[in-house]
Amino acid sequence: IRIMKVKLSDIIDAIEMANQYSESFLDRKTGEIVWISEMAMTSDEQEEAYEQLDEHGFYRLPSTFDIREYDMMEEFIYSLPEPLQNKLEQVIRGKGAFRRFKNTIRYLGIEDEWYQYQASEYRRKAIEWCEENELEYEK
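Residues numbered from 1 in each chain as written. Predicted model: local features only at pLDDT ≥ 70, side-chain atom pairs only at ≥ 80, totals over all residues. Heavy atoms only, no water.

1. What about the pattern of salt bridges?
Two side chains with opposite charge may pair up if their charged atoms get near one another.
Then, number 1: Within the structure shown, the criterion is met by 6 salt bridges.
Then, number 2: For the salt bridge of Arg 124 with Glu 121, the shortest nitrogen-to-oxygen distance reads 2.7 Å. Here Arg 124 and its partner Glu 121 are both found in helix 7 (residues 111-132), 3 residues apart, which amounts to about one turn of the helix.
Then, number 3: With a relative accessible area of 36%, Arg 124 lands in the partly exposed category.
Then, number 4: Relative accessible area serves as the criterion here: at 9%, Glu 121 is assigned to the buried category.
Then, number 5: The salt bridge partner of Glu 128 is Arg 124, with a shortest N-O separation of 2.6 Å. Taken together, the residues span about one helical turn, with Glu 128 and Arg 124 both in helix 7 at a distance of 4 residues.
Then, number 6: Salt bridges here are not isolated pairs; linked through shared partners, they connect Glu 121, Arg 124 and Glu 128. (Salt bridge = Lys/Arg side-chain N within 4 Å of Asp/Glu carboxyl O. Helix = DSSP H or I, 4+ residues; strand = E, 2+ residues; numbered from the N terminus. Buried < 20%, exposed > 50% of the residue type's maximum accessible area, 1.4 Å probe, protein only.)

Laid out in structure tokens, this is it:
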């Protein structure tokens, strides 16, 4: 089934919102993104959303496990000059790595670079996902 062009920005938004308690799907019939969350929805609401998707057919969007933000942080670190790499490599080891990473990039004044890098990675993953699913997208 070929659906209308999807908006890349909608796919990117869904990928950015991904967390361990929710899933996002693209409804094949309507082209709409359906977000299902075990934290924000009752079990009846979840069931209703799944039934609609089963009826229409769907594409599962990348989950937080597919996105692997930790790997993204590591790749960002290795794109930096040596002294910054050394500082940041240490802070992402062990529990609390994301919080320490965010605090450290703020302290080092490279927060904007991280958010630009992260946005370009989300965009790349969204385009890859569209291409893997043979979906046309508009920017």
